[in-house]
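Coordinate inspection notes
As a plain string of letters, each chain reads:
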Amino acid sequence: MAKQEKLFGDCKFHIIPSIRELKYLKKALEGREEWILLSCCHIGNLRENVDICHRAGKKVIINHELVGGLGADRMAFQLLKNMYHIDGVMGTGNTKIGLISREKMKSIRRIVLSDSLSIEQVLRSMGDMDYDGIELRPAYYAVQYYNKFRAICNCSFVVGGFVNSEEILEKVYQAGFSGTMTSCVELWNHPLGGKEIL
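Quick caveat: nothing in here was measured; it's all calculated off a predicted structure. (Residues numbered from 1 in each chain as written. Predicted model: local features only at pLDDT ≥ 70, side-chain atom pairs only at ≥ 80, totals over all residues. Heavy atoms only, no water.)

1. Brief notes about the nonpolar core
- In terms of nonpolar packing, the biggest core is built from 53 residues, with L38, L46, L80 and I86 touching the most fellow members.
- Considering each element in turn, this core owes the most residues, four residues, to helix α6 (residues 139-150).
- Excluding residues that lie within four positions of it along the chain, L38 makes contacts with I19, L25, L46, N49, V50, C53, V60, I61 and I62.
- Counting residues in hydrophobic clusters, the runner-up holds ten residues, among them L7, F8, I61 and M181. (Core = buried A, V, L, I, M, F, W, Y, C linked by side-chain atoms within 4.5 Å. Buried < 20%, exposed > 50% of the residue type's maximum accessible area, 1.4 Å probe, protein only. Helix = DSSP H or I, 4+ residues; strand = E, 2+ residues; numbered from the N terminus. Contact = heavy atoms within 4.5 Å.)

2. Thoughts on the packing of aromatic side chains
- Counting across every chain of the model gives five aromatic pairs.
- Between Y146 and F157 the ring centres are 5.4 Å apart and the planes differ by 85°, which places this aromatic pair in the edge-to-face class. You can see Y146 sitting in helix α6 and its partner F157 sitting in strand β7 (residues 156-159), a full eleven residues away along the chain.
- Assessed through its relative accessible area of 0%, F157 is described here as buried.
- On the basis of an interplanar angle of 40° and a centroid distance of 4.2 Å, the ring pair of Y146 and F177 is categorised as tilted. On the criterion of sequence distance, the pair formed by Y146 in helix α6 and F177 in the loop between α7 (166-175) and β8 (179-182) is long-range, its members being 31 residues apart. Here Y146 and F177 have matching classes, each one buried.
- Clustering of aromatic rings is evident, with ring pairs tying together Y146, F157 and F177. (Phe/Tyr/Trp six-rings, centres within 6.5 Å; stacked < 30°, edge-to-face > 60°.)

3. Let's talk about the packing of α6 against α7
- One way to put it is that α6 packs onto α7 with a least axis distance of 10 Å and a crossing angle of 20°. In terms of axis orientation, α6 runs roughly parallel to α7. Handedness of the crossing formed by α6 with α7: left-handed. Counted together, A139, V143 and Y146 of α6 and I168, K171, V172 and A175 of α7 form the full contact between these two elements.
- A per-class count over the contact of α6 with α7 returns six nonpolar, no polar and one charged. (Axes fitted to C-alpha atoms, helices over the stretch in contact; angles between N-to-C directions. Parallel < 35°, antiparallel > 145°, perpendicular 65-115°, else oblique. Left-handed = near helix turned anticlockwise from the far one by under 90°. Nonpolar A, V, L, I, M, F, W, Y, C, P; charged D, E, K, R; others polar.)

4. Comments concerning the pattern of salt bridges
- Applying the stated criterion to the full structure yields eight salt bridges.
- A salt bridge links D130 to K6; its shortest N-O distance comes to 2.3 Å. Taken together, the residues D130 in the loop between α5 (116-126) and β6 (133-137) and K6 in the segment before β1 (14-19) connect sequence positions 124 residues apart.
- With a closest N to O distance of 3.7 Å, K23 and E21 form a salt bridge.
- Among the residues examined, K23 registers a relative accessible area of 59% and is labelled exposed.
- Salt bridges sharing common partners tie together R110, E135 and R137. (Salt bridge = Lys/Arg side-chain N within 4 Å of Asp/Glu carboxyl O.)

As structure tokens, this is what we get:
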């Protein structure tokens, strides 16, 4: 039986377009994936682009650290929810994840696997935090360390960073992840998108 999906609400493999340049937004809107990661916005154009996504039936994730002009306090997350209507927010620390969850947005903890010490520290820091999703990056190390994280956290796991070929995409899928975030336009409509996760 497939595991419960906290982030996506299904047990399908998601290939989430990461929009680093707005010229690719139209292509992402035409794809079958319901989620889009907006990585190129600032507070001046965020609402307009979120509205465009919502009108196309898409849900929007942002990394709050990449939104130019946005703070990182409680008021900032209230604005993301109430003014910008964001569906999911990525962050690197437990404090920010707590603020995101309080505003009833999907919370995604972003974890960079840089060395063995950082991995040990992150695993210890996770404690009883309730994440909707975790993004492990980069892809090569995410696949290697997935089971360590899976053993202590019941949420959706996605991969980010260097997902730039069909071979890597296949490895991520075979490892059992719920999906991946990628700026590689050629992968956005890959046949693995929408398949049952393993």
